[in-house]
Amino acid sequence: MSSRQAIRRLDYTPPSYLIDRVDLTFELSDTHAKVISRLIIKRNIGVSSDTPLVLHGEELTLESIKLDGTPLTSAHYVIDDSTLTIASMPDDGILEITTRLLPAENTSLMGLYQSNGNFFTQCEAEGFRKITYYLDRPDVMAKFTTTIIADKTKFPVLLSNGNRVGSGQLDKNRHWVKWVDPFKKPAYLFALVAGKLVVLAGTHTTPSKRCINIEIYVEPGNLDKCHHALAAAQKAMAWDEERFGLEYDLDTYMIVAVSDFNMGAMENKGLNIFNTKFVLAKPDTATDVDFDGIDSVVAHEYFHNWTGNRVTCRDWFQLSLKEGLTVYRDQEFSSDIGSRAVQRISNVRALRETQFAEDAGPQAHPIRPDEYLEINNFYTWTIYEKGSEVVRMYATLLGTDGFRAGMDLYFKRHDGQAVTCDDFRAAMADANGTNLDQFERWYSQAGTPVLSAKAEYNEAAQTYTLSVTQSCAATPGQAEKLPFHLPFAIGLIDRRGQDLPLQLAGEIAAKGSTRVLEITNTTQTFTFINVPCPPVPSLLRDFSAPVVLDFAYSDDELVFLMANDSDAFARWEAANTFALQLLKNQYAAAGRGETLAAPAAFIAAYQKLLTSDKLDPALVALMLELPRENYLLEQLSDVDPVRLYEVCRALKQQIARELRQELLAVYQRLNDGAPYAYDGEQVARRSLKNICLDYLAELDESMISSLIAKQYQRADNMTDRLAALKALVNRDGGEAQLADFAAQWQSDALVMDKWFTLQATSRRPGALSRVQQLLEHPAFSIKNPNKVRSLITAFCLANPPHFHAADGYGYAFAADHIIALDAINPQIAARLASSFNRWTKVDAGRRELMKQELERIRGTEGLSSDTFEIVTKALG
Ligand SMILES: [Zn+2]
């Protein structure tokens with residue numbers, strides 16, 4: 001099927017042919033789809049007349065092809081399994097191609113497919129070629145017209161991109177709707193939806209007084225779960241107008257929810273298609289985390305209308321141009337509508353748990369990769385999350401106004417174009433009259449830089465000198481790294497806990513109490529003057545760059561920062577560093593057969609957090625959360641994940657025992673029975689209450705059992721109910737409550753996903769056999785990505801002690817399902833295969849078992865290029 005030929009960034013050439021207009025007609029029936037595509041094609045300037053036209057196409061049945069009205073025969077063209085080539089093309093012409101598809105049999109969920117009988121499309125990155133023969137590359141931008149014809153009873157709603165310009169009746173109970181998209185776009189932004197759907201509608205009025213219709217389409221029965229998504233779309237529109245001066249450009253903005261979807265959501269022009277997970281929510285079915293996720297994904301896809309659609313990518317190596325920038329935009333949106341501190345800490349924690357591991361492993365790649373076998377494998381943490389950190393660094397270096405000026409220039413120069421990451425960087429540099437040449441290394445070098453800092457206080461001179469050295473470990477294909485250009489935000493705190501005004505040597509006066517130091521060299525030294533006492537440094541404030549900070553803080557300094565740092569991120573980071581260091585020591589001790597208890601200072605610092613009435617409860621909750629096992633695993637080598645889990649568990653139990661009173665007091669104070677509302681204050685209180693419950697669940701007391709059971713029974717919302725159920729499952733199995741929960745929610749697919757995940761991630765014995773039984777559960781389907789993620793992927797990626805069981809059964813289970821899934825949906829199989837990425841981190845026995853399974857997967861006949869690429873890189 002695949003030639004396994006790597007595609008390289010430096011091989012880019014402009015397209016030989018361009019498409020001005022596309023007129024598509026879809027005739028949909030229960031069993032198949034007929035697609036008639038009329039393309040107005042012209043040869044690109046400067047391309048010689050004997051250059052053949054090569055269209056992309058996969059898994060298509062060609063019915064006919066005409067050039068300027070004349071049918072072509074097989075003598076005029078050549079078809080193989082990925083292209084259709086016409087050797088002799090005029091300078092311009094009209095191609096009419098008719099293809100036939102079988103959407104009901106399309107389990108890859110790329111191109112046109114069916115879900116619960118309705119039709120949907122997914123074309124990014126290269127799905128359009130599974131619909132018709134086309135120049136399926138993002139730098140070919142055309143105006144699309146789409147006519148859909150289908151049975152009126154079975155498919156009353158027919159949607160595509162742009163504006164609805166006509167509709168009518170046909171024979172045999174059929175109807176048609178015609179859509180025209182006035183904006184040029186690449187084929188990956190094409191979308192079509194046909195089915196039995198209901199709509200929730202709202203409006204938004206722009207500053208230029210245009211009234212935009214917002215329409216959310218879902219399956220009947222789900223209308224009462226769309227209000228949060230609608231409000232999110234309205235907030236996102238207002239925010240983008242206010243923050244970046246960007247208005248929506250069509251009359252209607254549509255969101256359609258589908259339960260079979262490979263990703264989170266897709267930003268097709270005017271017709272976003274979403275995983276139901278990021279649309280459907282009401283308090284009794286969705287948690288606070290779900291509501292927050294809907295805000296952020298709705299905003300993300302909406303923001304793409306400018307960063308991705310109006311200005312798109314020249315080629316797929318530039319993916320981070322739209323994704324890194326749009327993730328940055330949605331993170332800023334979430335910070336503005338919620339808590340900036342909580343948002344930042346959560347984003348950084350996710351970055352470190354996922355992207356740092358990717359950057360340190362066999363799949364490491366720069367945010368603008370140099371080559372790939374399968375582009376679907378490059379929708380990675382690096383492209384999205386690190387890409388967003390790189391965009392954030394522009395904003396930190398240039399300031400809010402400088403960044404806005406760069407964005408304005410970017411749109412002014414490139415609206416309607418397909419461009420590169422270099423174009424974005426040039427706009428930022430030119431708008432600010434600054435040189436960002438060295439900053440390019442963030443796009444070309446993989447790996448997480450390490451920033452080592454050393455400090456010295458000179459009492460006689462009243463100076464504080466900070467020396468900073470940067471380095472970056474080798475990554476596959478990149479042995480040597482050059483120094484990065486990065487912003488290093490710092491503060492100095494005096495003994496009373498106050499930020500000192502900061503004055504660098506050579507400056508006339510102090511300027512602020514947080515300074516952004518620009519790092520460009522391997523080693524740099526900064527001397528602060530007029531420092532009256534030895535300060536405690538607060539380094540990498542707000543996580544100003546995606547680096548690992550190496551600074552030898554003492555335990556006392558960490559406790560001091562936990563209590564005093566004015567920067568919320570740095571304050572959380574002190575707690576995190578303290579716990580991380582302790583767990584590493586405890587793990588090492590356990591390896592020697594010893595038990596190392598947490599020191600009194602550690603417990604006292606936690607006690608102070610629990611008894612403080614000044615701190616934001618959400619921040620306290622984040623500070624109380626111990627580092628997760630997968631993050632710890634990255635800090636160690638030759639790891640026994642079972643021992644690591646036992647060490648984490650023991651620390652949690654010690655905290656629960658020694659702070660029982662404080663935990664219980666906070667729990668009882670916050671468990672006030674107020675009716676549920678999704679607002680910042682309540683979310684913060686619930687997050688702290690439920691982390692207290694999570695600790696208390698470690699205590700083997702009947703009083704605690706009844707407290708958890710009471711929360712489970714009385715909760716008026718899913719956040720509290722699920723927290724209680726999790727506590728029960730990890731404590732004693734919670735069999736009765738699990739059965740009760742399933743009986744209540746069996747018809748709600750998204751709630752059942754939570755039920756699967758709770759059991760897949762249970763640390764109690766027998767998790768794997770439970771997962772194997774659940775594969776047979778009527779609510780599970782291996783063809784549905786949400787189900788695979790909630791059960792199989794959750795077990796492999798979020799249950800380290802059971803996935804890494806010493807007998808290797810967890811690995812064999814994962815490999816069996818990667819192989820089975822590869823034949824159904826290669827994208828989902830490849831994602832699951834990434835659970836083997838860090839096989840060199842575990843101990844020798846497990847390493848050998850993981851390697852055997854990787855080799856077994858690689859040896860599977862007919863393996864997709866998606867899975868082949870991941871597994872081959874993992875084996876190295
Ligand atoms: Zn995106």
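Residues numbered from 1 in each chain as written. Predicted model: local features only at pLDDT ≥ 70, side-chain atom pairs only at ≥ 80, totals over all residues. Heavy atoms only, no water.

A.B. asks: Can you help me understand the overall build of the protein in this one?
C.D. replies: Along its length, the protein carries 26 helices and 31 strands. Rg of the C-alpha trace for the protein: 28 Å, near the compact-globule value of 29 Å for 876 residues, within the 12% margin. Dimensions along the principal axes, computed over C-alpha positions, put the protein at roughly 90 × 70 × 60 Å. Counting the 876 residues in the protein, one finds 59% classified as buried. At a minimum sequence separation of 6, the contacts of the protein that also span at least 24 residues come to 70%. Working note: accessible area of the protein is about 33,800 Å², and carbon and sulfur atoms make up 50% of it. Averaging the positions of the 90 positive and the 112 negative side-chain charges in the protein gives two centres separated by 2 Å. (Helix = DSSP H or I, 4+ residues; strand = E, 2+ residues; numbered from the N terminus. Rg over C-alpha atoms; globule rule 2.2 N^0.38 Å. Buried < 20%, exposed > 50% of the residue type's maximum accessible area, 1.4 Å probe, protein only. Contact = heavy atoms within 4.5 Å. Areas by Shrake-Rupley, 256 points an atom, 1.4 Å probe, with all protein chains shown as cover. Lys, Arg positive; Asp, Glu negative; His and termini not counted. Charge placed at Lys NZ, Arg CZ, Asp CG, Glu CD.)

A.B. asks: Honestly, the sheet that holds strand 27 (residues 486–493) in this entry has me stumped. Any pointers?
C.D. replies: Hydrogen bonds between backbone groups are what pair the strands of a sheet, and the pairing can be parallel or antiparallel. The antiparallel open sheet is built from three strands, whose spatial order is 28-27-30. Single-partner strands in this sheet number two, and they are strand 28 (515–519) and strand 30 (536–539). Averaged over all neighbouring strand pairs, the angle between strand axes comes to 35°, with direction disregarded. One ladder, built from five bridges, connects strand 27 with strand 28; its direction is antiparallel. Following the sheet pairing, isoleucine 490 is matched in strand 28 by arginine 515. (Pairing = 2+ DSSP bridges. Axes fitted to C-alpha atoms, helices over the stretch in contact; angles between N-to-C directions.)

A.B. asks: Where do I start with the environment of valine 348 in this structure?
C.D. replies: Within the fold, valine 348 resides in helix 4 (residues 340–360). With relative accessibility at 0%, the residue valine 348 sits in the buried group. Expressed as a C-alpha distance, the spacing of valine 348 and glutamate 219, which sit 129 residues apart in the sequence, is 36 Å. Setting aside chain neighbours within four positions, we find valine 348 in contact with Phe543 and Phe569.

A.B. asks: Which parts of the structure should I look at to understand helix 2 (residues 288–303)?
C.D. replies: Structural remark: α-helix, 3.6 residues per turn; residues separated by three or four positions point the same way. With 16 residues, helix 2 extends 23 Å between its outermost C-alpha atoms, agreeing within 8% with the 22 Å of an ideal straight helix rising 1.5 Å per residue. Counted residue by residue, helix 2 has 14 buried out of 16 residues, so it is predominantly covered. (Expected span 1.5 Å × (residues − 1).)

A.B. asks: Honestly, the sheet that holds strand 5 (residues 61–67) in this entry has me stumped. Any pointers?
C.D. replies: Spatial ordering of the open sheet is given by 6-5-9-3-2-12-15-14, a layout of eight strands whose pairing is mixed. With one partner strand each, in any of the chains shown, strand 6 (70–71) and strand 14 (163–169) form the two edges of the open sheet. In terms of strand pairing, strand 12 (residues 143–151) meets strand 15 (residues 174–180) through seven bridges, oriented antiparallel. For threonine 145, the partnering residue across the bridge sits in strand 15 and is valine 180.

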